Amino acid sequence: MQPNQNPAMKRHICILFLLVSSVICTYAQNARIRGKVKDAASGTPIEYADVIVTGSDGKTTTTTLIHHFLEKEYENTDRTVYLGGNIGYPLLGRIDEVQPQDLVVLELSSFQLQTMTDFHPHVAVITNITPNHLNWHVDMQEYIDCKKHIFSAQTEGRLVINQENDVTTTFSGAEPVMTIRFSSRTKPQPPCIFYRDEQIYFDDGSKEVTLLKRADIRLLGMHNVENYMTAIAATWGDVSMDSV
(Lines give C-alpha, C1' and ligand atoms only; values in the text may rest on other atoms or scores of the structure.)
Protein backbone atom coordinates (compact mmCIF):
# COMPACT_ATOMS: atom_id res chain seq x y z
CA MET A 1 0.00 0.00 0.00
CA GLN A 2 1.60 3.29 -1.09
CA PRO A 3 1.61 6.23 1.42
CA ASN A 4 -0.16 8.56 -1.02
CA GLN A 5 -3.16 6.28 -1.55
CA ASN A 6 -6.57 7.43 -0.40
CA PRO A 7 -7.02 6.66 3.35
CA ALA A 8 -10.69 5.81 2.73
CA MET A 9 -9.64 3.23 0.14
CA LYS A 10 -7.16 1.71 2.62
CA ARG A 11 -9.90 1.46 5.21
CA HIS A 12 -12.31 -0.19 2.75
CA ILE A 13 -9.66 -2.76 1.83
CA CYS A 14 -9.01 -3.55 5.50
CA ILE A 15 -12.75 -3.83 6.21
CA LEU A 16 -13.02 -6.34 3.36
CA PHE A 17 -10.09 -8.24 4.90
CA LEU A 18 -11.90 -8.24 8.26
CA LEU A 19 -15.07 -9.64 6.75
CA VAL A 20 -13.17 -12.48 5.11
CA SER A 21 -11.10 -13.17 8.24
CA SER A 22 -14.12 -13.19 10.55
CA VAL A 23 -15.61 -16.18 8.71
CA ILE A 24 -13.24 -18.41 10.69
CA CYS A 25 -14.57 -17.05 14.00
CA THR A 26 -17.85 -18.86 14.57
CA TYR A 27 -20.46 -20.33 16.82
CA ALA A 28 -19.97 -23.94 17.95
CA GLN A 29 -22.16 -26.47 19.71
CA ASN A 30 -19.15 -27.56 21.75
CA ALA A 31 -19.79 -26.10 25.22
CA ARG A 32 -16.15 -25.04 25.59
CA ILE A 33 -16.14 -23.04 22.38
CA ARG A 34 -17.41 -19.48 22.47
CA GLY A 35 -18.03 -16.85 19.80
CA LYS A 36 -20.78 -16.12 17.31
CA VAL A 37 -19.82 -14.74 13.94
CA LYS A 38 -21.93 -15.81 11.00
CA ASP A 39 -20.89 -16.42 7.43
CA ALA A 40 -21.68 -13.13 5.68
CA ALA A 41 -22.90 -14.94 2.57
CA SER A 42 -25.15 -17.67 4.02
CA GLY A 43 -25.86 -16.49 7.56
CA THR A 44 -24.92 -19.99 8.71
CA PRO A 45 -22.99 -20.46 11.97
CA ILE A 46 -19.61 -22.12 11.42
CA GLU A 47 -17.51 -24.19 13.84
CA TYR A 48 -14.55 -22.53 15.52
CA ALA A 49 -12.42 -23.15 18.59
CA ASP A 50 -11.32 -21.65 21.81
CA VAL A 51 -7.68 -20.53 22.14
CA ILE A 52 -7.07 -17.08 20.68
CA VAL A 53 -3.76 -15.17 20.74
CA THR A 54 -3.02 -11.54 19.93
CA GLY A 55 -0.27 -9.04 20.72
CA SER A 56 2.22 -6.67 19.17
CA ASP A 57 5.17 -9.07 19.44
CA GLY A 58 5.63 -12.76 20.16
CA LYS A 59 2.15 -13.86 19.15
CA THR A 60 3.22 -16.15 16.31
CA THR A 61 5.75 -18.05 18.43
CA THR A 62 3.30 -18.25 21.32
CA THR A 63 0.48 -19.47 19.06
CA THR A 64 2.79 -22.10 17.57
CA LEU A 65 3.82 -23.32 21.03
CA ILE A 66 0.21 -23.56 22.21
CA HIS A 67 -0.70 -25.55 19.13
CA HIS A 68 2.30 -27.83 19.63
CA PHE A 69 1.48 -28.45 23.32
CA LEU A 70 -2.14 -29.33 22.52
CA GLU A 71 -1.21 -31.52 19.55
CA LYS A 72 1.24 -33.45 21.71
CA GLU A 73 -1.32 -33.86 24.49
CA TYR A 74 -4.06 -35.15 22.21
CA GLU A 75 -2.00 -36.99 19.59
CA ASN A 76 -3.46 -40.41 20.49
CA THR A 77 -7.07 -39.29 20.86
CA ASP A 78 -9.96 -38.42 18.57
CA ARG A 79 -9.30 -34.69 19.03
CA THR A 80 -7.68 -32.74 16.20
CA VAL A 81 -5.98 -29.43 16.97
CA TYR A 82 -6.26 -26.90 14.13
CA LEU A 83 -4.05 -23.84 13.67
CA GLY A 84 -5.29 -20.74 11.85
CA GLY A 85 -5.85 -17.02 11.62
CA ASN A 86 -2.62 -15.29 10.68
CA ILE A 87 -0.68 -18.55 10.89
CA GLY A 88 -0.94 -22.05 9.51
CA TYR A 89 -3.17 -23.18 6.66
CA PRO A 90 -6.33 -21.20 5.81
CA LEU A 91 -9.22 -22.66 7.80
CA LEU A 92 -12.02 -21.45 5.56
CA GLY A 93 -11.77 -24.50 3.30
CA ARG A 94 -11.52 -26.89 6.26
CA ILE A 95 -14.47 -25.68 8.33
CA ASP A 96 -16.50 -28.81 7.61
CA GLU A 97 -13.70 -30.99 9.03
CA VAL A 98 -13.85 -29.47 12.52
CA GLN A 99 -15.74 -31.66 14.97
CA PRO A 100 -17.23 -30.58 18.34
CA GLN A 101 -14.42 -32.27 20.28
CA ASP A 102 -11.68 -30.59 18.21
CA LEU A 103 -9.72 -27.48 19.13
CA VAL A 104 -8.69 -24.52 16.99
CA VAL A 105 -5.85 -22.23 17.98
CA LEU A 106 -6.04 -18.83 16.28
CA GLU A 107 -3.66 -15.91 15.99
CA LEU A 108 -5.61 -12.70 15.37
CA SER A 109 -4.47 -9.15 14.62
CA SER A 110 -6.00 -5.86 15.71
CA PHE A 111 -7.52 -5.62 12.21
CA GLN A 112 -9.40 -8.87 12.71
CA LEU A 113 -10.45 -8.01 16.25
CA GLN A 114 -11.68 -4.52 15.42
CA THR A 115 -15.28 -5.51 14.66
CA MET A 116 -15.48 -8.43 17.11
CA THR A 117 -17.03 -6.58 20.02
CA ASP A 118 -18.98 -9.60 21.31
CA PHE A 119 -16.11 -12.06 20.85
CA HIS A 120 -15.63 -14.37 23.85
CA PRO A 121 -13.16 -17.23 23.43
CA HIS A 122 -12.55 -19.72 26.22
CA VAL A 123 -8.86 -18.78 26.42
CA ALA A 124 -7.70 -15.28 25.44
CA VAL A 125 -3.99 -14.42 25.32
CA ILE A 126 -2.35 -11.00 24.93
CA THR A 127 1.43 -11.21 24.70
CA ASN A 128 2.01 -7.43 24.91
CA ILE A 129 0.83 -4.16 23.40
CA THR A 130 3.23 -1.57 21.98
CA PRO A 131 2.69 1.13 19.30
CA ASN A 132 1.90 -0.65 16.06
CA HIS A 133 -0.26 -0.23 12.95
CA LEU A 134 -0.83 3.42 13.85
CA ASN A 135 -0.96 4.25 10.13
CA TRP A 136 -4.26 2.35 10.12
CA HIS A 137 -5.73 2.98 13.55
CA VAL A 138 -6.96 6.46 14.46
CA ASP A 139 -4.62 6.52 17.46
CA MET A 140 -2.94 4.31 20.03
CA GLN A 141 -6.10 4.11 22.12
CA GLU A 142 -8.08 2.64 19.22
CA TYR A 143 -5.33 0.06 18.73
CA ILE A 144 -5.51 -0.87 22.43
CA ASP A 145 -9.31 -1.03 22.34
CA CYS A 146 -9.20 -3.42 19.37
CA LYS A 147 -6.85 -5.73 21.24
CA LYS A 148 -9.14 -5.64 24.29
CA HIS A 149 -11.97 -7.07 22.20
CA ILE A 150 -10.29 -10.46 22.64
CA PHE A 151 -11.46 -10.58 26.27
CA SER A 152 -13.95 -7.75 26.87
CA ALA A 153 -16.94 -10.05 26.28
CA GLN A 154 -15.54 -13.19 27.94
CA THR A 155 -18.01 -14.84 30.30
CA GLU A 156 -15.83 -17.72 31.49
CA GLY A 157 -12.47 -19.34 30.89
CA ARG A 158 -9.08 -17.70 31.10
CA LEU A 159 -7.25 -14.49 30.22
CA VAL A 160 -3.44 -14.56 29.99
CA ILE A 161 -1.67 -11.21 30.11
CA ASN A 162 1.82 -9.72 30.40
CA GLN A 163 2.43 -8.21 33.83
CA GLU A 164 5.50 -6.30 32.60
CA ASN A 165 3.82 -4.50 29.73
CA ASP A 166 2.68 -0.96 30.60
CA VAL A 167 -0.64 -1.45 28.81
CA THR A 168 -1.62 -5.04 29.55
CA THR A 169 -0.68 -4.86 33.23
CA THR A 170 -3.89 -2.86 33.77
CA PHE A 171 -6.10 -5.53 32.13
CA SER A 172 -8.18 -8.01 34.07
CA GLY A 173 -10.94 -10.42 33.14
CA ALA A 174 -14.42 -10.02 34.58
CA GLU A 175 -15.56 -12.66 37.06
CA PRO A 176 -15.60 -15.63 36.72
CA VAL A 177 -12.83 -15.36 34.09
CA MET A 178 -9.47 -16.38 35.58
CA THR A 179 -6.73 -13.82 34.86
CA ILE A 180 -3.25 -15.38 34.79
CA ARG A 181 -0.38 -12.90 34.72
CA PHE A 182 3.10 -13.80 33.53
CA SER A 183 6.41 -12.08 34.22
CA SER A 184 10.11 -12.76 33.65
CA ARG A 185 11.13 -10.08 36.17
CA THR A 186 8.90 -10.31 39.23
CA LYS A 187 6.29 -12.57 40.77
CA PRO A 188 2.80 -11.18 39.99
CA GLN A 189 -0.25 -11.64 42.16
CA PRO A 190 -1.41 -15.27 41.82
CA PRO A 191 -2.58 -17.02 39.80
CA CYS A 192 0.61 -16.36 37.89
CA ILE A 193 3.51 -17.86 36.03
CA PHE A 194 6.93 -16.33 36.62
CA TYR A 195 10.68 -16.73 36.15
CA ARG A 196 13.18 -16.96 39.00
CA ASP A 197 16.66 -18.44 39.36
CA GLU A 198 16.73 -19.86 35.82
CA GLN A 199 13.42 -21.68 36.25
CA ILE A 200 9.74 -21.15 35.40
CA TYR A 201 7.20 -21.46 38.22
CA PHE A 202 3.41 -21.48 38.50
CA ASP A 203 1.55 -20.24 41.58
CA ASP A 204 -2.17 -20.93 41.79
CA GLY A 205 -2.54 -18.98 45.02
CA SER A 206 -1.93 -21.92 47.32
CA LYS A 207 1.51 -23.17 46.32
CA GLU A 208 4.38 -22.67 43.89
CA VAL A 209 5.12 -25.42 41.38
CA THR A 210 8.40 -25.68 39.48
CA LEU A 211 7.61 -26.22 35.79
CA LEU A 212 10.63 -25.91 33.59
CA LYS A 213 14.32 -25.04 33.64
CA ARG A 214 15.53 -22.40 31.23
CA ALA A 215 18.17 -24.86 30.02
CA ASP A 216 15.36 -27.12 28.77
CA ILE A 217 14.06 -24.43 26.40
CA ARG A 218 15.70 -24.84 23.03
CA LEU A 219 14.62 -21.45 21.71
CA LEU A 220 17.19 -18.80 22.54
CA GLY A 221 16.59 -15.50 24.34
CA MET A 222 14.57 -14.29 27.31
CA HIS A 223 11.74 -13.31 24.96
CA ASN A 224 11.30 -17.00 24.18
CA VAL A 225 11.26 -17.83 27.88
CA GLU A 226 8.35 -15.39 28.08
CA ASN A 227 6.72 -17.04 25.06
CA TYR A 228 6.95 -20.39 26.83
CA MET A 229 5.47 -18.93 30.01
CA THR A 230 2.59 -17.48 28.02
CA ALA A 231 1.88 -20.75 26.20
CA ILE A 232 2.03 -22.77 29.42
CA ALA A 233 -0.36 -20.36 31.12
CA ALA A 234 -2.76 -20.63 28.18
CA THR A 235 -2.83 -24.43 28.37
CA TRP A 236 -2.48 -24.84 32.15
CA GLY A 237 -4.65 -27.71 33.36
CA ASP A 238 -5.28 -28.89 29.79
CA VAL A 239 -1.86 -30.35 29.02
CA SER A 240 0.74 -32.14 31.11
CA MET A 241 4.31 -30.89 31.37
CA ASP A 242 5.32 -33.97 29.34
CA SER A 243 3.64 -32.27 26.37
CA VAL A 244 5.63 -29.04 26.83
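Look above for the structure.
Residues numbered from 1 in each chain as written. Predicted model: local features only at pLDDT ≥ 70, side-chain atom pairs only at ≥ 80, totals over all residues. Heavy atoms only, no water.

### Comments concerning the overall build of the protein
- Counting its regular elements, the protein contains 5 helices and 9 strands.
- When the helices and strands of the protein are read in sequence order from the N terminus, they spell out α-β-α-β-β-α-β-α-β-β-β-β-β-α.
- Here the protein, with 244 residues, has 50% of them falling under the buried criterion.
- Residue pairs in contact within the protein that sit at least 24 positions apart in sequence constitute 53% of those at least 6 positions apart.
- Working note: accessible area of the protein is about 12000 Å², and carbon and sulfur atoms make up 51% of it. (Helix = DSSP H or I, 4+ residues; strand = E, 2+ residues; numbered from the N terminus. Buried < 20%, exposed > 50% of the residue type's maximum accessible area, 1.4 Å probe, protein only. Contact = heavy atoms within 4.5 Å. Areas by Shrake-Rupley, 256 points an atom, 1.4 Å probe, with all protein chains shown as cover.)

### Structural notes on the packing of aromatic side chains
- Applying the stated criterion across every chain, the model contains 4 aromatic pairs.
- When the ring of F69 is compared with that of Y228, the centres are 6.0 Å apart and the planes differ by 50°; the resulting orientation is tilted. Here F69 is found in helix α2 (residues 59-73), whereas its partner Y228 is found in helix α5 (residues 222-235), with 159 residues between them in sequence.
- On the basis of relative accessibility, which here comes to 0%, the residue F69 falls in the buried class.
- Residue classification places Y228 among the buried positions, given a relative accessible area of 13%.
- Relative to Y201, the ring of F194 lies with its centre 5.4 Å away and its plane at 15°, an arrangement referred to as stacked.
- What makes F194 buried here is its relative accessible area of 1%.
- Between the NZ or CZ atom of R79 and the centre of the ring of Y74, over which it lies, the distance is 4.7 Å.
- Across from the ring centre of Y201, 4.7 Å away, lies the NZ or CZ of R196, which sits over that ring. (Phe/Tyr/Trp six-rings, centres within 6.5 Å; stacked < 30°, edge-to-face > 60°. Lys NZ or Arg CZ within 6 Å of the ring centre and 35° of its normal.)

### Overview of α2
- An ideal rise of 1.5 Å per residue puts 21 Å on 15 residues; α2 measures up with 21 Å between its terminal C-alpha atoms.
- Among the residues making up α2, those that are buried are K59, T62, T63, L65, I66, H67, F69 and L70.
- Residues of α2 that are buried in the fold lie against β1 (51-54), β2 (81-85), β3 (103-107), β4 (123-126) and α5. (Expected span 1.5 Å × (residues − 1).)

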